[in-house]
Amino acid sequence: GAGVSQSPSNKVTEKGKDVELRCDPISGHTALYWYRQSLGQGLEFLIYFQGNSAPDKSGLPSDRFSAERTGGSVSTLTIQRTQQEDSAVYLCASSYRWGEAFFGQGTRLTVV
Amino acid sequence: GQQVMQIPQYQHVQEGEDFTTYCNSSTTLSNIQWYKQRPGGHPVFLIQLVKSGEVKKQKRLTFQFGEAKKNSSLHITATQTTDVGTYFCAGLSAGGTSYGKLTFGQGTILTVHP
């Protein structure tokens, strides 16, 4: 595709349910990032994938959060047993090696 | 791990005034990038600086990279209402276990009063 695609664009879920957020990076991009952004706040780093290297998971806030990147392309961020504090916009970005990062439109997650 | 600090967190200016945001890294950077996020949007790449002491201009925007490659600044001359948004710096690590990882600053939220 022409850009980074994230789905769904909006997700409302009940507290305690699991959710999966998907990111389709730009074809050929080796690096993929997940960030979380609360209203009016900065970018909270979650996880970083670079090629075939082990991912940098240092930003995942708890063991309820996990992410995988299959075949060096599509990535899925999974949040188990969602809590209200998980409500935020989840942004995915990709880049070719160490170049500029292209962001998706984000997934707005609301936990009720 | 690498930390990138950005100040100020908020800046309110009158249209026509200048604006500057500063970025400092705890470690030496390979390069530094700047992004702008409009309200309701996602961050969009503005520019990348690579060389020590580098200065680049984009119309009313001037970007600088420090001599030690650990700090950077973005200066906007004569702000306009279209400059409203959050400006992020992002440093690319020069080494370590997360080589090539972009670390974002907290961002500066710019408000321009007409």
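Above: the structure in question.
Starting afresh in each chain, residues are numbered from 1 along the sequence in its written order. Chain letters start at A and ligand numbers start at 1, both assigned in the order the entries are written. Local features in this predicted model are restricted to residues whose pLDDT is 70 or higher, and side-chain atom pairs enter the listing and the counts only when it is 80 or higher, whereas totals over whole chains, interfaces and linings include all residues. As a rule here, side-chain values cover all heavy atoms of the structure and leave hydrogens and water aside.

Novice: Help me out: how do you make sense of the sheet that holds strand β3 (residues 19–25) of chain B in this one?
Specialist: Strand pairing in a sheet is mediated by backbone hydrogen bonds. Such pairs are either parallel or antiparallel. Residues and elements named next belong to chain B. Note: two strands are recorded as paired if DSSP finds a minimum of 2 bridges between them. The helix and strand labels rest on DSSP assignments: H or I over at least four residues marks a helix, E over at least two residues marks a strand, and numbering proceeds from the N terminus. Pairing within the open sheet is antiparallel, and its 5 strands lie in the order β1-β3-β8-β7-β6. For this open sheet the edge positions go to β1 (4–7) and β6 (55–58), each flanked by a neighbour on one side alone. Within this sheet the neighbouring strands show an average axis-to-axis angle of 15°, counted without direction. Here β1 pairs with β3 via 4 bridges, running antiparallel. Across the sheet, glutamine 6 pairs through a bridge with cysteine 23, a residue of β3. Only C-alpha atoms enter the line fits that serve as axes; for helices the fit covers just the stretch in contact. Angles between N-to-C directions range over 0 to 180 degrees.

Novice: What is the right way to read the state of the cysteines from this model?
Specialist: Cysteine pairs can be covalently joined through their sulfur atoms, and such a bond is termed a disulfide. Here, the term disulfide refers to a pair of cysteine sulfur atoms separated by no more than 2.5 Å. For the structure on display, the rule yields 2 disulfides over all chains. What pairs with Cys23(A) in a disulfide is Cys92(A), and their sulfur atoms sit 1.9 Å apart. The disulfide joining Cys23(A) to Cys92(A) has a torsion of about -65° about its S-S bond and is therefore left-handed. Of the two residues, Cys23(A) is situated in strand β3 (residues 19–24) and Cys92(A) in strand β8 (residues 88–95); the sequence distance between them amounts to 69 residues. Across the disulfide from Cys23(B) sits Cys89(B); the S-S distance is 2.0 Å. Since a negative S-S torsion denotes a left-handed disulfide, the Cys23(B)-Cys89(B) link at about 75° is right-handed. In this pair, Cys23(B) is assigned in strand β3 and Cys89(B) in strand β9 (residues 85–93), connecting sequence segments 66 residues apart. Here Cys23(B) and Cys89(B) have matching classes, each one buried. Exposure classes here rest on a 1.4 Å probe applied to the protein chains alone. A residue is buried below 20% of its type maximum, exposed above 50%, and partly exposed in between.

Novice: Looking at this structure, how should I read the pattern of salt bridges?
Specialist: All names here are of chain A. Counted as salt bridges are all cases of a side-chain nitrogen of Lys or Arg within 4 Å of a carboxyl oxygen of Asp or Glu. Across all of its chains, the model carries 6 salt bridges over all chains by this definition. One salt bridge connects aspartate 24 with arginine 22, and the closest N-O pair in it is separated by 2.8 Å. Exposure remark for aspartate 24: the relative accessible area of 23% places this residue in the partly exposed category. On the basis of relative accessible area, arginine 22 is assigned to the partly exposed category, the value being 37%.

Novice: What's the story with the pairing of strand β10 (residues 107–111) of chain A in this structure? I'm lost.
Specialist: Along any regular strand, the residues point their side chains to alternate faces of the sheet. All names here are of chain A. Of the two faces of β10, only the one carrying Thr107, Leu109 and Val111 is buried; Arg108 and Thr110 on the other face are not. As judged from the 3 bridges shared by β8 and β10, these two strands associate in the antiparallel manner. Of the residues in β10, the one forming a bridge with alanine 88 is leucine 109.

Novice: Teacher, can you tell me more about the interface of chain A and chain B here?
Specialist: Quite often, the size of an interface is put as the accessible area lost when its parts meet. Counting residues at the interface gives 19 residues for chain A, matched by 18 residues for chain B. Between chain A and chain B, a total of about 1500 Å² is buried, with carbon and sulfur atoms accounting for 55% of that surface. When the buried surface of chain A facing chain B is broken down by residue, Leu43(A), Trp98(A) and Phe103(A) rank first, second and third, together holding 34% of it. Applying the counting rule to chain A against chain B returns 1 salt bridge. Across the pair Lys101(B) and Asp56(A) runs a salt bridge whose closest N-O atoms are separated by 3.0 Å. We call two N or O atoms a polar contact when they sit within 3.5 Å, provided that within protein one can donate a hydrogen and the other can accept it, with sequence-adjacent residues counted only if both atoms are side-chain atoms. Scanning the region where chain A abuts chain B turns up 6 residue pairs in polar contact (both at pLDDT 80 or more). What makes two residues a contact is simply this: any of their non-hydrogen atoms within 4.5 Å. By convention, the term buried area covers the 1.4 Å-probe accessible surface removed from two parts as they join, with the contributions of both added.

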